[in-house]
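Each chain is listed here by its residues.
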Amino acid sequence: MNEPVALPAPVQSLAVRVAIIGGGPAGLMAADVLSSEGYDVQLFDAMPSVGRKFLLAGRGGLNLTHAEAMPAFMSRYGGFAEELSTAIAQFDNEAVRRWSSELGQNTFIGSSHRVFPVGMKASPLLRAWLNRLQGSDGRKPVRFHARHRWIGWEGGDWVFDTLQGHRHFTFDAVVLALGGGSWARLGSDGAWVPLLEGRGVGVSPLVASNCGFDVQRPWSDHFRSRYAGHPLKSVALTVLSAPGADPDQALFRRKGEFVATDTGFEGSLIYAASAAARAQLAAHASAHILIDLLPDHSLERVLLEVAKPRGSRSLSTHLKSRLGLDGIKAGLLYEVLSPETLKDERALAIAIKALPLVLGASRPLDEAISSAGGVCWDALDGQHGLKALPGVFCAGEMLDWDAPTGGYLLTACLALGRKAGQDVHRYLQAQLAVSRPT
Ligand SMILES: Cc1cc2nc3c(=O)[nH]c(=O)nc-3n(C[C@H](O)[C@H](O)[C@H](O)COP(=O)(O)OP(=O)(O)OC[C@H]3O[C@@H](n4cnc5c(N)ncnc54)[C@H](O)[C@@H]3O)c2cc1C
């Protein structure tokens with residue numbers, strides 16, 4: 001893993017025009033590779049400044065990557081692991097940590113093996129990175145064009161909407177790193193989809209990933225007002241493969257925590273289950289889940305405790321004293337179960353271990369942490385260039401892949417940005433070799 005790729009010899013200040021459109025982590029990494037090779041790189045972004053989603057990601061602790069071994073790491077990309085394997089093999093979780101350290105931000109491994117910069121934030125890393133791109137290490141500086149929204153082509157020109165009106169540019173090679181479709185106010189709005197489709201590039205629809213879900217039957221006013229915003233800690237979540245299906249054949253089962261919202265659930269465990277839940281919603285218009293409120297207790301133990309005599313104590317007091325079930329966990333039982341089930345000791349114990357709920361919809365794409373879908377892999381040539389648009393390469397979240405939170409998103413975006421930069425370098429070297437007189 002992480003073998004350096006053999007690249008052609010560096011070129012100094014090549015008089016070719018290279019553009020990166022999109023200044024998120026993928027675009028900045030492509031710019032880093034190409035500027036370090038001596039190209040005249042121009043980076044365009046629709047927003048007044050670059051890296052806005054990266055900065056947001058740092059708000060709750062920038063989870064750069066994950067420290068698990070590569071086979072487990074790659075398995076998080078599910079059906080896209082093969083497509084991503086070349087890029088990530090050349091820029092894996094250890095490379096991400098080295099890159100961050102080179103920029104002055106050492107990393108540490110958190111309790112769940114997630115990797116964070118010591119300062120937890122994205123801003124010092126971004127600042128150091130932009131300094132490097134602006135030539136602090138002696139390279140030819142990348143030229144940044146903020147407030148330049150790419151809106152399409154006119155003839156061979158790339159057209160940008162700017163505060164001064166439309167500006168036209170021509171380039172020898174372009175990396176598109178336009179992001180997915182969530183958090184449009186930070187710049188990645190998916191407006192590129194029809195532009196590329198119009199030029200014959202296959203794009204799988206952008207859908208919400210790592211997102212919250214609404215429950216099919218809305219919460220009661222009582223539950224919503226008391227428990228929206230409350231965390232469900234140390235629970236296990238199962239996504240069934242069909243309504244009423246065998247939990248042993250479930251699509252997803254994992255321990256973790258999530259949060260009740262006004263309309264359903266959000267949070268890390270729900271995000272991790274989002275691909276499975278999304279597949280169920282697509283197939284059945286609903287996703288049937290089970291919540292194990294006490295994953296460290298066996299059903300027998302729960303039944304034993306529930307069945308203990310409670311004398312004159314209320315059921316709530318009994319559940320709290322025998323099993324520690326209170327707050328939102330007890331609230332959920334009362335919200336979901338009928339009075340008959342609550343009175344039936346065995347049925348109640350079964351429900352504590354597998355509380356059934358139905359999700360009716362995912363939250364809108366714009367609220368999601370990331371989007372699945374994007375430029376189809378078969379629209380790319382052997383490298384990351386578009387078959388339909390020679391000299392145009394794609395990187396980052398705008399490609400069709402998906403991963404849970406845990407640092408897998410940023411690792412793949414950085415690795416794909418690096419790969420696109422290297423592919424552009426190879427492409428330009430090949431072009432130069434063809435045009436050079438023999
Ligand atoms: C709240 C939140 C927290 C997150 N936390 C983490 C985390 O801790 N760890 C992790 O791994 N991932 C995290 N992510 C996901 C991660 O931030 C993204 O996957 C990553 O930023 C995608 O990188 P990108 O370069 O592909 O696209 P983006 O970062 O989305 O950048 C795309 C850029 O393209 C620009 N652009 C778009 N269209 C145009 C156009 N037409 N013309 C010019 N410019 C354009 C945009 O302005 C933007 O600057 C988080 C996301 C969110 C929303």
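Residues numbered from 1 in each chain as written. Predicted model: local features only at pLDDT ≥ 70, side-chain atom pairs only at ≥ 80, totals over all residues. Heavy atoms only, no water.

Draft legend 1. The arrangement of the overall build of the protein in detail. Scanning the protein from terminus to terminus reveals 16 helices and 20 strands. On the principal axes, the C-alpha backbone points of the protein span a range of 95 × 40 × 40 Å. Looking at the protein as a whole, 52% of its 438 residues are labelled buried. Residue pairs in contact within the protein that sit at least 24 positions apart in sequence constitute 71% of those at least 6 positions apart. When the accessible surface of the protein is totalled, it reaches about 19,000 Å², and 52% of it is carbon and sulfur. Looking at charge distribution, the protein has the averaged site of its 43 positive side-chain charges lying 6 Å from that of its 42 negative ones. (Helix = DSSP H or I, 4+ residues; strand = E, 2+ residues; numbered from the N terminus. Buried < 20%, exposed > 50% of the residue type's maximum accessible area, 1.4 Å probe, protein only. Contact = heavy atoms within 4.5 Å. Areas by Shrake-Rupley, 256 points an atom, 1.4 Å probe, with all protein chains shown as cover. Lys, Arg positive; Asp, Glu negative; His and termini not counted. Charge placed at Lys NZ, Arg CZ, Asp CG, Glu CD.)

Draft legend 2. Focus on the nonpolar core. In this structure, Y77, W99, L176, W192, L196, V375 and W401 are the most contacted members of the largest nonpolar core, which totals 81 residues. Among the elements that take part in this core, helix 16 (residues 408–435) stands out by supplying 11 residues, more than any other. Excluding residues within four positions of it along the chain, V375 makes contact with W192, L196, V201, G202, V203, L380, L386, C394, M398, L399 and D400. Y227, I291, V302 and L325 belong to the second largest nonpolar core, which has 46 residues in total. (Core = buried A, V, L, I, M, F, W, Y, C linked by side-chain atoms within 4.5 Å.)

Draft legend 3. How the structure looks around the pairing of strand 16 (residues 287–292). Of all 6 residues in strand 16, 5 are buried; the element is thus mostly enclosed. Note: strand 13 (residues 231–239) against strand 16, 4 bridges, orientation antiparallel. Residue A236 lies in a different strand from strand 16, and its bridge partner there is D292. (Pairing = 2+ DSSP bridges.)

Draft legend 4. Main features of unusual backbone geometry. With a phi angle near 50°, W183 is a residue other than glycine that sits in the positive phi range. Within the element layout of this structure, W183 appears in the loop between strand 10 (173–176) and helix 7 (192–197). Of note, S234 is a non-glycine position whose phi angle comes to about 50°, a positive value. On the secondary structure map, S234 appears in strand 13. Its relative accessible area of 48% is what places S234 among the partly exposed residues.

Draft legend 5. Seen up close, the packing of aromatic side chains. Applying the stated rule across the entire model yields 20 aromatic pairs. For the pair F160 and F169, a centre-to-centre distance of 5.5 Å together with 90° between the ring planes defines the contact as edge-to-face. What makes F160 buried here is its relative accessible area of 0%. A connected cluster of aromatic rings, assembled from ring pairs, spans F44, W150, W153, W158, F160, F169 and F171. Stacked on the ring of W153, the Lys or Arg R199 has its end atom at 4.4 Å from the ring centre. (Phe/Tyr/Trp six-rings, centres within 6.5 Å; stacked < 30°, edge-to-face > 60°. Lys NZ or Arg CZ within 6 Å of the ring centre and 35° of its normal.)

Draft legend 6. Region of interest: the environment of W158. Relative to the assigned elements, W158 resides in strand 8 (residues 157–162). In this structure W158 comes out as buried when scored by relative accessible area, which is 5%. Each C-alpha atom, one on W158 and one on T170, is 6.1 Å from the other, the two residues being 12 residues apart in sequence. Excluding residues that lie within four positions of it along the chain, W158 makes contacts with I21, W150, G152, W153, R167, H168, F169, F171, V174, L176 and V392.

Draft legend 7. Quick look at the domain arrangement of the protein. The assigned domain composition of the protein is domain 1 (14–207 + 373–435) and domain 2 (213–362). One C-alpha centre belongs to domain 1, the other to domain 2; they are set 39 Å apart. The interface is formed by 6 residues belonging to domain 1 together with 6 residues belonging to domain 2. Between domain 1 and domain 2 lies a buried interface of about 350 Å² when both sides are counted; carbon and sulfur atoms form 52% of it. For the domain 1 face of the interface with domain 2, the top three residues by lost area are V207, D402 and T405, together amounting to 66%. The interface formed by domain 1 and domain 2 includes 1 salt bridge. Linking D402 and R278 is a salt bridge whose minimum nitrogen-to-oxygen distance equals 3.1 Å. (Domains from an automatic or database assignment. Buried area = accessible area lost by both parts, 1.4 Å probe. Salt bridge = Lys/Arg side-chain N within 4 Å of Asp/Glu carboxyl O.)

Draft legend 8. Quick look at the pattern of salt bridges. For the coordinates displayed, the defined rule picks out 22 salt bridges. As a salt-bridge pair, D172 and R17 come within 3.2 Å of each other at their nearest N and O atoms. One end of the pair, D172, is in the loop between strand 9 (165–169) and strand 10; the other, R17, is in strand 1 (residues 14–21), with 155 residues separating them in the sequence. The exposure class assigned to D172 is partly exposed, which follows from its relative accessible area of 29%. Bridged by salt links that share partners, the residues D32, E102, R132, D137 and R139 form one connected network.

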